[in-house]
Amino acid sequence: MGRMGPRQGPFHSGLEGVYFSDDPFRPVRQRECGGVILIYVSFRFEWRFAIASILALVHDITIALGAIALFQVDVNLDILAAILTILGYSLNDTIIVFDRIREGVETSKENELEKVVNESVSQTLSRTTLTSLTTFFVVLTLFLFGGEIINGFSFTLLIGIIVGTYSSIFVAASLLVQLNFSILKSMILYSFLAPASL
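What counts and how
Residues numbered from 1 in each chain as written. Predicted model: local features only at pLDDT ≥ 70, side-chain atom pairs only at ≥ 80, totals over all residues. Heavy atoms only, no water. Helix = DSSP H or I, 4+ residues; strand = E, 2+ residues; numbered from the N terminus. Buried < 20%, exposed > 50% of the residue type's maximum accessible area, 1.4 Å probe, protein only. Polar contact = N/O pair within 3.5 Å; in protein donor to acceptor, adjacent residues only side chain to side chain. Contact = heavy atoms within 4.5 Å. Axes fitted to C-alpha atoms, helices over the stretch in contact; angles between N-to-C directions. Left-handed = near helix turned anticlockwise from the far one by under 90°. Nonpolar A, V, L, I, M, F, W, Y, C, P; charged D, E, K, R; others polar. Salt bridge = Lys/Arg side-chain N within 4 Å of Asp/Glu carboxyl O.

Peer 1: Can you lay out the side chain of Ser-132 for me, pointing to particular residues and giving the numbers?
Peer 2: Mapped onto the elements, Ser-132 comes out in helix α4 (residues 113-145). Its relative accessible area of 5% is what places Ser-132 among the buried residues. Only 2.9 Å separates the side chain of Ser-132 from the backbone oxygen of Thr-128, close enough to count as a polar contact. Leave out the neighbours within four places in its chain, and Ser-132 touches Tyr-89, Asp-93, Ile-161 and Thr-165.

Peer 1: Any chance you could break down the packing of helix α2 (residues 47-70) against helix α3 (residues 77-107) for me, citing the residues and the numbers?
Peer 2: Packing of α2 against α3 leaves a shortest axis separation of 10 Å and a crossing angle of 145°. Here α2 and α3 pass one another in a crossing that is right-handed. Counting all contacts with α2, which are made through Phe-49, Ala-52, Ser-53, Leu-57, Asp-60, Ile-61, Ala-64, Leu-65 and Ile-68, the residues of α3 involved are Ile-79, Ile-83, Ile-86, Leu-87, Ser-90, Leu-91, Thr-94, Phe-98 and Ile-101. Looking at side-chain class alone, the contact of α2 with α3 contains 14 nonpolar, three polar and one charged residues.

Peer 1: Give a description of the pattern of salt bridges that names residues and reports values.
Peer 2: When their charged atoms lie close together, side chains carrying opposite charge are able to pair. For the structure shown, the criterion picks out three salt bridges. Two residues, Asp-93 and Arg-127, come together in a salt bridge whose shortest N-O distance is 3.3 Å. Taken together, the residues span a long stretch of sequence, with Asp-93 in helix α3 and Arg-127 in helix α4 at a distance of 34 residues. Given the relative accessible area of 2%, Asp-93 is considered buried. The partner of Arg-102 in a salt bridge is Asp-99, and the shortest N-O contact between them spans 2.6 Å.

No statement about biological role is implied by the geometric values presented.
So, in structure tokens, the structure goes:
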């Protein structure tokens, strides 16, 4: 069965005239964006956190693009906006989980990273789930009642919210463990960077 025509797909956005032009500087800008994320997360946490967050983002975008291809959603500027929204949403969730893991490293008496990560993820689980459910139901309403024009946008966001939520909890935290993040070294670093108490 061939690909659905521009007016036959259920996710057609009505923007047949929008095409992405060949931009020789696009790969450069993509690498710059990835570099900015790496620098920000490395500065705020540690380089292993940055690698884990980037890999989690790649995971999210890959699944979102796979869903777009599977359901033959017309790719246009709306879909690009949805992909960028997924990046921001997933990175924000991941930063919140990582922030709690960092606090757990500073305050926990455990020396095993797996236990600290499990405790930290459990502490953020209710907040992450409730926030994601609230956003999911809003986007679901847009998908069901928003009309044909924003179907592609809202569909992509639905996939991104689901994938971004579980990747922040299960994928990013697991990658941090696999990258051999050291609790003892981090405790020494955080104690050195912490301001002296008055």
